[in-house]
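Chain by chain, the residues run as shown.
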Amino acid sequence: GEAIGENSGGGATSSNENMGVSSLSWCTGRFEPATLCIGCSSGRASIYRYDDGARSWVEVIRLPNHATGNGIPRGVLDVAWAPNVGRSYHLIATCGKDHRLKVHRVKRGRGGGGK
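Parameters and conventions
Residue indices follow the written sequence of each chain, beginning from 1 at its first position. At least 70 in pLDDT is required for a residue's local features to be given in this predicted model, at least 80 for side-chain atom pairs to be given and counted, and no such filter applies to totals for whole chains, interfaces and linings, which use all residues. Only heavy atoms go into the side-chain values, all of them from the structure, while hydrogens and water stay out. Two aromatic rings, drawn from Phe, Tyr or Trp (for Trp, its six-membered ring), form a pair once their centres lie within 6.5 Å of each other, and the interplanar angle then sorts them: stacked below 30 degrees, edge-to-face above 60, tilted otherwise. Segments assigned H or I by DSSP are reported as helices when at least four residues long, segments assigned E as strands when at least two residues long, and all are numbered from the N terminus. The rule is simple: take the accessible area with a 1.4 Å probe, protein chains only, and divide by the maximum for that residue type; under 20% is buried, over 50% is exposed, in between is partly exposed. In our convention, an over-ring charge means Lys NZ or Arg CZ found within 6 Å of a ring centre and within 35 degrees of that ring's normal. Among buried residues, the Ala, Val, Leu, Ile, Met, Phe, Trp, Tyr and Cys ones that are joined through side-chain atoms within 4.5 Å form a nonpolar core. The criterion used for residue contact is that any of the two residues' heavy atoms lie within 4.5 Å.

## Overview of the packing of aromatic side chains
Argument step 1. The full count for this structure, using the stated rule, is two aromatic pairs.
Argument step 2. Both rings, one in Trp-26 and one in Trp-57, keep their centres 5.7 Å apart while their planes meet at 65°; by these two values the pair is edge-to-face. Taken as a pair, Trp-26 in strand S1 (residues 21–26) and Trp-57 in strand S4 (residues 56–63) lie far apart in primary sequence, 31 residues in all.
Argument step 3. Overall, Trp-57 belongs to the partly exposed group, its relative accessible area being 38%.
Argument step 4. Centroid distance Tyr-50 to Trp-57: 5.4 Å. Interplanar angle 65°. Geometry classified as edge-to-face.
Argument step 5. A relative accessible area of 28% places Tyr-50 in the partly exposed class.
Argument step 6. Taken together, the ring pairs in this structure connect Trp-26, Tyr-50 and Trp-57 into an aromatic cluster.
Argument step 7. Residue placement shows Arg-105 over the ring face of Tyr-89; its charged tip is 3.7 Å from the ring centre.

## Topic: the nonpolar core
Within soluble globular proteins, side chains that are nonpolar tend to cluster in buried spots.
Argument step 1. With 12 residues, the main nonpolar core is built from Cys-27, Cys-37, Ala-45, Ile-47, Val-60, Ile-61, Leu-63, Val-76, Val-79, Trp-81, Ile-92 and Val-106.
Argument step 2. Going through the elements one at a time, strand S3 (45–51), S4 and strand S5 (76–81) are the ones with two or more residues in this core.
Argument step 3. Leave out the neighbours within four places in its chain, and Ile-92 touches Cys-37, Ile-47, Leu-63, Ala-80, Trp-81, Lys-102, Val-103, His-104 and Val-106.

Here it is, written out as structure tokens:
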């Protein structure tokens, strides 16, 4: 997986991706900066981290989309961030209208800001 703090999103977003947030889940890690996962009705799921310097939320990882076999986007129904019980990585589950449950293993970021 990717490490939190490595921006893999980049690029412009299409109007389809701006259809709305359908779910979110906060990282409850005790020593983690404010971080959350957002699922969208466009099938996109992303991890955002609050940047104190910029005083804004920054997309740090874009998780694989929920889509049909033909690549047609399907909405994300729910996201859940597993409690951290001493793992060196995060587990985030997403489920979508594509009838799939995906469990994403995401490396923990290095340093205070996860970069």
